[in-house]
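# Structure assessment
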Amino acid sequence: MATIIVDNKEITVENGALLIEELLKNGIEIPHFCYHPALGKDGNCRMCMVEIEGKKRPQIACDTPITEGMIIRTKGEKIQKVKRQILEMELINHPIDCPICDQAGECSLQNYYMDVGLYENRLSTPKTHGKKNIDIGANVVLDQERCVLCTRCVRFTKDITKTKELGVLNRTDHSVISIFPGRPLSNPYAMNVVDLCPVGALTSKDFRFHKRVWFLEPAEAICNGCSKGCSIYVDHHKAKYEDDSIFRYRPRFNDQINGYFICDVGRLSYKVENKNRESVAKIRGKESEYEYASGKLLRLLKRHQGKILFLISPSLSLEEMAQVKKLSIKYGAKLSGYDICEYDKTFGDDYLKCNDLSTNRRGLNLLDIDESELGESVENIDLAVLIGRDDIETIKNYEQIEVKVLVHPSMPKDNDIYNLYLPMLTHTSRQGSFINIDGYLQFSKSNVEYAKETQSLLQIISILLNDNATTCKEIWDESLNKIIKNIHFEDIQKRSVKMDES
Amino acid sequence: MGIKVVPRHGKSLKEKMYLPAIVGGLKVTFSHFFTNLKDTSNIQTLNYPEEQPKDITERYRGVHRLTKREDDSVRCVACFMCSTACPAECIFIEATEREDNVDEKMPKKFSIDLLECVFCGGCVEACPCDAIRMDTGIFSFVKEKREDFVVDIDTLLSHKPMKGGKK
Ligand code: SF4
Ligand code: SF4
Ligand code: SF4
Ligand code: SF4
Ligand code: FES
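Please read all numbers here as calculations on a predicted model, not as lab measurements.

## Details of the interface of chain B and chain A
Many structure descriptions define interface size as the accessible area lost when the parts assemble. The interface is formed by 17 residues belonging to chain B together with 13 residues belonging to chain A. Here chain B packs against chain A, burying approximately 1,300 Å² in sum over the two surfaces, 58% of which is carbon and sulfur. For the pair chain B and chain A, the number of links is three salt bridges. The salt bridge involving A:Arg208 is made with B:Glu97; its shortest N-O contact spans 2.8 Å. On inspection of chain B and its partner chain A, the count reaches nine residue pairs in polar contact (both at pLDDT 80 or more). It is strand β2 (residues 91-97) of chain B that provides the largest number of residues to the side of chain B that touches chain A, a total of four residues. When its residues are assigned to classes, the side of chain B that touches chain A shows eight nonpolar, three polar and six charged.

Written as structure tokens, this is what we have:
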């Protein structure tokens, strides 16, 4: 540990660490383009200048190791002048097309420009132009003029994905970022460069022109693309006279699970959330009142008591699993989490993506829910309730099952197979806790509200159980804390927690 | 219950009598009446709608128009600045790719709900491209249905600046 003085305030920091790292950690704002915690320093943008007592000239904070007793100034006339000059350099050839740039509103260049000063353009020669709107593959659009040449994107493809698709071409003010001829950006994590790029040089083709970012509301959630369960932000917005919808997912920093990144498949999976939003209950394919359908399910459960199968998705939250388990005990039902569709041998890799596509398989184990093949154990079953999954194939061969019920966010096309269909809210609209493949317990907070009449699974079950536990907290207190003794609901609100191996 | 005695207003006897003040007021009324009777050209009121106002200046905030570029194409780039600034949230824009190499982005839909609009001019101030103006001089916009007050992009583009105004 070392003590340093920053702007006349003493702070304790790690000795030998990079100055910028510790300053940012302590909430001191240091403008920077090229430094990124996941990519390290590069020292090319010179935006992070600070004054260090004893040094003749200002120094870059991203390449200065901390020593005991350093005295640092991040503000003041002198340093402001330096920043202003560097920004002016950056802006010489910048097109300043903020009105048509998707980055506007979350652009470092724009923010620093507003902070440092509103100055006149002193350039009398025309700007050097680059190419705009180039599709470089993997849903990424490149605008060479807007680039500040921080090389974050180049370093990402070099150091993280090791695919090396991007490079800097030419010299001086003709330097541009480019792909190599005929070799587009193509790696399963490519779209992270869009988040990495501090300006609007790399933008997402998928998000392009769909929404100005200042309208978006971020909700904290976890990705349900695979069992890694990366932490994400769900950026959604409810426009006037329209339903709330999701416009993009972004990685949410989590040093235990996904760091600063997510995979492209997970990132684009928001579309499913927008599409699968059924709100009408159906009985034998015909629309029905919600209350009537829910009452009918209750009657069915009572009638078939002892001969029921609950087939749940291994992607339900712990809370939902616990409640279904309670329901299965009440009606003497068999409960199974057997799901063969949730594996994809081609999906996983050695970074984030995993072959197991379910979000909470370890939750099944924890709650002692059977996931072995159904086999003969369903011989006396005549009512099957599929919850959070619509793989009718799993039970197709069991002819004795007369009544099939589906509780799921979307209705499959061949919907008259099901005697009863009850819509439930989608993943990003239901809160819940999940255990990922490495045993980290996380809470997904996002509850995007899209249709008033559709209920969450917890609400649906609470009606069937005739109790009032509809919030995650209540279910933690009531049942989960009996199984998970050393972790409390409050502990997972801010970050993920590693489960005990025992 | 009881009777509340209200003191007579006024200080002097003349004021307390009221009548002199009434006569004074009528004098003004009648002097205008006879002046206007002799010469109708200076009357302040209009026989609207037969008579239309002539004092609408270029700065008057009338119904909006979307301006055009030199090549007669839409100037708006769908940046949403106007709809962000709008206090009535009555500007509805949908952006799309612009394919003609003039620019990258343009509005696919752009409509203003004139029933919600408070004619504050915030949108005009906010536009970084001078693409929206309220200098049409249109002060009366009458329709039969509510929906007709939501003016779409074609209508907004067809509105002309008022005579004598800047193009
Ligand atoms: S494209 Fe973006 S991330 Fe890449 S060098 Fe330019 S500014 Fe940096
Ligand atoms: S690796 Fe898995 S959890 Fe992470 S973003 Fe991709 S699909 Fe989602
Ligand atoms: S005049 Fe004011 S209320 Fe009307 S559209 Fe413009 S900003 Fe909105
Ligand atoms: S502010 Fe101007 S350019 Fe932007 S959307 Fe509105 S009218 Fe179009
Ligand atoms: S952040 Fe220090 S030089 Fe770029």
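## Some points on the domain arrangement of chain A
Each assigned domain of chain A is listed with its residue range as follows: domain 1 (2-90), domain 2 (98-204) and domain 3 (281-498). Relative to domain 3 of chain A, the C-alpha centre of domain 2 of chain A lies at a distance of 44 Å.

## Re the packing of aromatic side chains
In this structure the tally under the stated criterion is 15 aromatic pairs over all chains. Ring geometry for B:Phe33 versus B:Phe34: centroids 5.3 Å apart, planes at 65°, classification edge-to-face. Three or more aromatic residues joined by ring pairs form one cluster here, namely A:Trp214, A:Phe215 and B:Phe80. In this arrangement the basic side chain of A:Lys498 is found over the ring face of A:Tyr440, its NZ or CZ atom lying 4.9 Å from the centre. Here B:Lys143 stacks its cationic end above the ring of B:Phe141, 4.8 Å away from the centre of that ring.

About the criteria used
- Residues numbered from 1 in each chain as written.
- Chains lettered and ligands numbered in written order.
- Predicted model: local features only at pLDDT ≥ 70, side-chain atom pairs only at ≥ 80, totals over all residues.
- Heavy atoms only, no water.
- Contact = heavy atoms within 4.5 Å.
- Buried area = accessible area lost by both parts, 1.4 Å probe.
- Salt bridge = Lys/Arg side-chain N within 4 Å of Asp/Glu carboxyl O.
- Polar contact = N/O pair within 3.5 Å; in protein donor to acceptor, adjacent residues only side chain to side chain.
- Helix = DSSP H or I, 4+ residues; strand = E, 2+ residues; numbered from the N terminus.
- Nonpolar A, V, L, I, M, F, W, Y, C, P; charged D, E, K, R; others polar.
- Domains from an automatic or database assignment.
- Phe/Tyr/Trp six-rings, centres within 6.5 Å; stacked < 30°, edge-to-face > 60°.
- Lys NZ or Arg CZ within 6 Å of the ring centre and 35° of its normal.

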